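In case you want the letters, here they are:
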Amino acid sequence: MKFKFSAACIIGLSIALAGCDGGYPEADTVNCSGRGMEKSLTAFKRDEAARQAFIDKCDALNKGK
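Here is a short report on the structure shown in this document. (Residues numbered from 1 in each chain as written. Predicted model: local features only at pLDDT ≥ 70, side-chain atom pairs only at ≥ 80, totals over all residues. Heavy atoms only, no water.)

## Focus on the overall build of the chain
Here comes step 1: Looking only at helices and strands, the chain has three helices and zero strands in total.
Here comes step 2: Taken from N to C terminus, the helices and strands of the chain fall in the order α-α-α.
Here comes step 3: Partitioning the intrachain contacts of the chain with sequence separation of at least 6 by distance along the chain shows that 37% fall at a separation of at least 24.
Here comes step 4: Of the roughly 5,400 Å² that the chain leaves accessible, carbon and sulfur atoms contribute 61%. (Helix = DSSP H or I, 4+ residues; strand = E, 2+ residues; numbered from the N terminus. Contact = heavy atoms within 4.5 Å. Areas by Shrake-Rupley, 256 points an atom, 1.4 Å probe, with all protein chains shown as cover.)

## A look at helix α2 (residues 34-42)
Residues lying three or four places apart along an α-helix face the same way, a consequence of the helix completing one turn every 3.6 residues.
Here comes step 1: Every buried residue of α2 is accounted for by Gly 36, Met 37, Ser 40 and Leu 41. All buried residues of α2 lie within an arc of 125 degrees about the axis, which places them on one face of the element. For α2, the exposed residues lying more than 90 degrees away from the buried face are Arg 35 and Lys 39.
Here comes step 2: Where α2 is buried, its residues meet α3 (48-63). (Buried < 20%, exposed > 50% of the residue type's maximum accessible area, 1.4 Å probe, protein only. Arc of directions from axis to C-beta.)

## Topic: the environment of Ala 50
Here comes step 1: As for its position among the elements, Ala 50 is in helix α3.
Here comes step 2: Setting aside residues up to four positions removed in sequence, Ala 50 forms contacts with Tyr 24 and Phe 44.

## As for the packing of α2 against α3
Here comes step 1: One can describe the packing of α2 onto α3 by two numbers: an axis separation of 10 Å at closest approach and a directional angle of 155 degrees. The angle between α2 and α3 falls in the class roughly antiparallel. You can see that α2 and α3 cross each other, and the crossing is right-handed. Taken together, the residues of α3 that come into contact with α2 (itself represented by Met 37, Ser 40 and Leu 41) are Arg 51, Phe 54, Ile 55 and Cys 58.
Here comes step 2: The class makeup of the residues in the contact of α2 with α3 is five nonpolar, one polar and one charged. (Axes fitted to C-alpha atoms, helices over the stretch in contact; angles between N-to-C directions. Parallel < 35°, antiparallel > 145°, perpendicular 65-115°, else oblique. Left-handed = near helix turned anticlockwise from the far one by under 90°. Nonpolar A, V, L, I, M, F, W, Y, C, P; charged D, E, K, R; others polar.)

Structure, rendered in structure tokens:
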């Protein structure tokens, strides 16, 4: 009984966490500098318009400092 419950919980959590990776990163101080920028831009591989919008937001954020 305990094993079945544990297995069901692991499967449920795996499904829930798999759905957490939807969407693009937000333009903030962490994602717009250094290594954060590199990681963020990899999320925009197939959407050039969204990538350019992200870069523009980062530029505006950096100018506001």
